[in-house]
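Observations on the three-dimensional arrangement
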Amino acid sequence: MAKIGIIGGTFDPIHSGHLLIAELARDSLNLERVLFVPAGDPPHKQAAKKTAAHHRCRIVELAIEDNPAFELSRVDLDRPGPHYSIDTVTLIRSQFDLAADDCHFIIGSDSLSDLLSWHQPADLIQSCRLTVAHRPDYQPDVSALAETLPGLEARLDWVEILLVEYSSSMIRRRIKAGQSVRYQTPANVIDYLYQHQLYR
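Below you will find a few notes about this structure. (Residues numbered from 1 in each chain as written. Predicted model: local features only at pLDDT ≥ 70, side-chain atom pairs only at ≥ 80, totals over all residues. Heavy atoms only, no water.)

Things to note about the pairing of strand β4 (residues 103-108)
On any regular strand, side chains alternate: one points to one face of the sheet, the next to the other face. Most of β4 sits inside the fold, with six of its six residues counted as buried. Of the two faces of β4, the one lined by Cys103, Phe105 and Ile107 and the one lined by His104, Ile106 and Gly108 are each fully buried. Where strand β1 (residues 4-9) lies against β4, four bridges are found, and the strand directions are parallel. Counterpart to Gly5 in the pairing with β4 is His104. (Buried < 20%, exposed > 50% of the residue type's maximum accessible area, 1.4 Å probe, protein only. Helix = DSSP H or I, 4+ residues; strand = E, 2+ residues; numbered from the N terminus. Pairing = 2+ DSSP bridges.)

As for the pattern of salt bridges
Where charged atoms of side chains with opposite charge meet at close range, the side chains can pair. Counting across every chain of the model gives eight salt bridges. One salt bridge in this structure joins Glu61 and Arg58, with 3.3 Å as the shortest N-O distance. Linking Glu61 with Arg58, this pair stays in helix α2 (residues 53-64), spanning three residues, or about one helical turn. Glu61 gets classed as partly exposed once you look at its relative accessible area, which sits at 34%. On the basis of relative accessible area, Arg58 is assigned to the partly exposed category, the value being 35%. (Salt bridge = Lys/Arg side-chain N within 4 Å of Asp/Glu carboxyl O.)

A few points about the sheet that holds strand β3 (residues 70-72)
Reading across the sheet, the six strands line up as β3-β2-β1-β4-β5-β6 and stay open at both edges, with parallel pairing between neighbours. Unpaired on one side and paired on the other, β3 and β6 (156-160) mark the two borders of the sheet. The sheet shows a mean angle of 30° between the axes of neighbouring strands, direction not considered. Inspection of the sheet shows β1 paired to strand β2 (residues 33-38) by six bridges, in the parallel sense. By the bridge assignment, Ile4 is partnered in β2 with Arg33. (Axes fitted to C-alpha atoms, helices over the stretch in contact; angles between N-to-C directions.)

In structure tokens, the structure reads:
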């Protein structure tokens, strides 16, 4: 059966770090495809101002267009929020008829550290495998998390990532300041951001 990865985020904007993590996960776990799922109404960012969804979707489409294994999913944009990861995973598993072990939810090691604050984390780890982008300089306390979430360790796949710092907020700040964001996000995404005067 095919294995599918899911990487969610506000993608405001998507950056090279997102793309690198997705590609490393695809390669190391032999995933058939990776779905990029722009957040519609993420509960942890409801107070934050977000760029309009149609812009964020188009930015993702531009960023992934040269990789046939990458695909945009609107599963969180085409339904009312708030949107929880457990619901996203459940809908995508149903859409692709996936077993839990064939569904890989890709997160950073910082997100793993915050897992207990997520909605229904125990159900989430049974509904998919967590693929964790692991930085050698950042060590989440998995044993402590597993005391509250028994079986967590067996549900994790680790993907080593390069020590390159990217963030959407950094890109927004640099554009606002008139600084270069070249190589921090794909060139066609940069063209779109300037064409539509985003973050200026």
